[in-house]
Amino acid sequence: MRRVVSQASPSLALIKYWGKRNSGINIPATTSVAVALDALVTTTEVTESPDEREDSLFVDGERDKSTGLRRFFEAAREAMPDLPRVAARSTNNFPTAAGLASSSSGFAALAAAATALVDHSADQEFVSRLARVGSGSAARAVFGGFTLFRAGAKNAEQAFDPDHWPEFRVVVAAVGSAKKPISSRDAMIRAAQTSPFFSDWIDVNESLVEEATAALASRDLERLGLTMRRSYLAMFSTMFTSVPPVFYWLPKTVEVLRVAEEMRSGGVGVFETMDAGPQVKLVCEARDLGVVVSSLKERVPTAEITESVVGGAVSFAHDDI
Ligand code: PMV
């Protein structure tokens, strides 16, 4: 029986994907620019299981029965008719579905492992296209370093490799571990259908992408940071103005945002971003990491802090059992 074990790190968007051109198969309506987070890891074991009636995935011991997963296996079989029935188990070293991008690393690891059951040498574009069907952000998590996922594209691509900006650091401040009230999949559909700001959000995206890509190329943290903030705040404006509104923030979220603002006023180069959840991710350079972490620990002692460098691509190992 063939078995593959894969590992992937979540993809943190610096410029956000929010909205779909085709909701069934996750073709993005906006271009996103992202970075892989080395410190957070999803490990997935996929085993060939010909005796089972259906494919299965357990995430941290809980069965995933989502439509996203069903669509993923349908797409996997369409692309790889030889794919055997699979049983998959996945574990995260961080809270699942709490806005830490577990679906990005989860589907990237699952796509890489399922593909490797059939073909050990498939290219990353193929794996990215398959991962995308499970979750849009997963298309990016297949690659290491800094990635680009263009509006309308079927797969993501690498923009800069993991060694491009050695001083780049991300500090994750987790302020809540409860499951989100609404999935990012449903929230972005609601925003597109009901927020009066959604078309402005789409219109501003490409200029933010250009600015962020230029800032990454020249390793200009301030230029990148100011652009990142415009992107996540514009994304949240579409959530706040959805009907009914989508609200992921907690009181401690705002406390972390205030601490970041105060650090910036004091001359520290730190800029935050957020996703579909209450957690805050702060980007800084290695020289400011100490002060960023100690200020957060002092001012928001209950926040769970994780420090990360830029992560690598999805990896896998295979054997027969
Ligand atoms: O692909 P999903 O369903 O994980 O949606 C990702 C949405 C955001 O995390 C908010 C933004 C992004 O680009 O990762």
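Keep in mind the model is a prediction, meaning the values are calculated, not measured. (Residues numbered from 1 in each chain as written. Predicted model: local features only at pLDDT ≥ 70, side-chain atom pairs only at ≥ 80, totals over all residues. Heavy atoms only, no water.)

1. As for the overall build of the protein chain
Short version of the rule: Runs of H or I in DSSP of at least four residues are treated as helices and runs of E of at least two as strands, each being numbered from the N terminus. Here the globule rule is a power law, 2.2 Å times the number of residues to the power 0.38, and the radius of gyration is based on C-alpha atoms. Here, residues are in contact when the closest pair of their heavy atoms is within 4.5 Å. Note on areas: Shrake-Rupley, 1.4 Å probe, and residue coverage restricted to the protein chains presented here. Residues counted as positive are Lys and Arg, residues counted as negative are Asp and Glu, and His and the chain ends are not counted. Each charge is placed at NZ for Lys, CZ for Arg, CG for Asp and CD for Glu.
If you tally the helices and strands in the protein chain, you get nine helices and 16 strands. For the protein chain, whose C-alpha radius of gyration is 19 Å, the value lies close to the compact-globule estimate of 20 Å for 321 residues. Put simply, 75% of the contacts in the protein chain that link residues at least 6 apart link residues at least 24 apart. Of the roughly 13,400 Å² of accessible surface on the protein chain, a fraction of 49% belongs to carbon and sulfur atoms. Looking at the protein chain, you have 34 positive and 40 negative side-chain charges, and the mean spots of the two groups are 5 Å apart.

2. Quick word on the site of the ligand
Quick reminder of the rule: Residues are labelled near a given molecule or strand when at least one of their non-hydrogen atoms is within 4 Å of it. Here a polar contact is taken to be a pair of N or O atoms separated by no more than 3.5 Å, where protein atoms must pair a possible hydrogen donor with a possible acceptor and residues adjacent in sequence count only if both atoms sit in side chains. Polarity classes work like this: nonpolar for Ala, Val, Leu, Ile, Met, Phe, Trp, Tyr, Cys and Pro, charged for Asp, Glu, Lys and Arg, and polar for all others, with Gly in that last group.
By nearness alone, 14 residues border the ligand, and Tyr17, Ser103, Ser137, Arg140 and Ser184 come closest of all. In this structure, Tyr17 approaches the ligand through a main-chain N or O atom, which is 3.0 Å from an oxygen atom. For the ligand, an oxygen atom lies 2.9 Å from a polar atom in the backbone of Ser137. Considered on its own, the ligand offers 380 Å² of accessible surface; in the complex 93% of this is hidden by protein. Considering only residue class, the shell around the ligand consists of six nonpolar, five polar and three charged.

3. Topic: the nonpolar core
Here is the rule we go by: Residues belong to a common nonpolar core when they are buried Ala, Val, Leu, Ile, Met, Phe, Trp, Tyr or Cys residues joined through side-chain atoms within 4.5 Å. When accessible area is computed with a 1.4 Å probe and restricted to protein chains, residues below 20% of their type maximum are described as buried, those above 50% as exposed, and intermediate ones as partly exposed.
If you look at the biggest cluster of nonpolar residues, it comprises 37 residues, and the most contacted ones within it are Trp18, Tyr248 and Leu282. Broken down by secondary-structure element, the contributors of at least two residues to this core are strand S12 (168-174), helix H5 (184-194), helix H6 (198-217), helix H7 (221-240), helix H8 (251-265), strand S14 (280-285) and helix H9 (286-299). The contacts of Tyr248, once residues within four sequence positions are left out, are Lys180, Pro181, Ile182, Ser183, Ser184, Ala187, Phe236, Met239, Ala276, Gly277 and Pro278. Grouped together as the second largest cluster of nonpolar side chains are 36 residues, Val46, Ala88, Val133 and Phe149 included.

4. Some points on the environment of Leu233
Mapped onto the elements of the fold, Leu233 is located in helix H7. The exposure class assigned to Leu233 is partly exposed, which follows from its relative accessible area of 34%.

5. Some details on the packing of aromatic side chains
For the record, the criterion: For Phe, Tyr and Trp, where Trp contributes only its six-membered ring, two rings pair if their centres lie within 6.5 Å, and the inter-plane angle classes them as stacked under 30 degrees, edge-to-face over 60, or tilted in between. Any Lys NZ or Arg CZ that is within 6 Å of a ring centre and within 35 degrees of that ring's normal is treated as a charge sitting over the ring.
In total, this model carries nine aromatic pairs according to the counting rule given. With 5.3 Å between their ring centres and 80° between their planes, Phe72 and Phe73 make a pair best called edge-to-face. Comparing Phe72 with Phe73, the two get one shared label, buried. Between Phe146 and Phe168 the ring centres are 5.1 Å apart and the planes differ by 90°, which places this aromatic pair in the edge-to-face class. Linking Phe146 in strand S10 (residues 146-149) with Phe168 in strand S12, this pair joins segments that are 22 residues apart in sequence. Taking NZ or CZ as reference, Arg89 lies 5.1 Å from the ring centre of Phe58, over its face.

6. Describing the sheet that holds S12
Inclusion rule: Strand pairing requires that DSSP identify at least two bridges connecting the strands. Angular values range over 0 to 180 degrees, each being the angle between N-to-C directions of two axes fitted as lines to C-alpha atoms, with helices fitted over their stretch in contact.
Spatial ordering of the open sheet is given by S13-S14-S12-S15, a layout of four strands whose pairing is antiparallel. Both outer strands of the open sheet, strand S13 (271-274) and strand S15 (304-308), are each paired with one neighbouring strand and no more. Going from strand to strand, the sheet's axes swing by 25° on average, the running direction of each strand aside. Judged from the four bridges that link them, S13 and S14 form a sheet pairing that is antiparallel.

7. Observations concerning a negative patch on the surface
The test is simple: A patch is a set of surface residues, each over 30% in relative accessible area and not in a salt bridge, joined within 9 Å for like charges and within 5 Å for the nonpolar side chains Val, Leu, Ile, Met, Phe, Trp and Tyr. A side-chain nitrogen of Lys or Arg and a carboxyl oxygen of Asp or Glu constitute a salt bridge if their distance falls within 4 Å.
Together, Asp119, Asp123, Glu125 and Glu157 give the surface a local cluster of negative charge. Locating Asp119 in the fold gives a position in the loop between helix H2 (102-118) and helix H3 (124-134). Judged by its relative accessible area of 33%, Asp119 is partly exposed.

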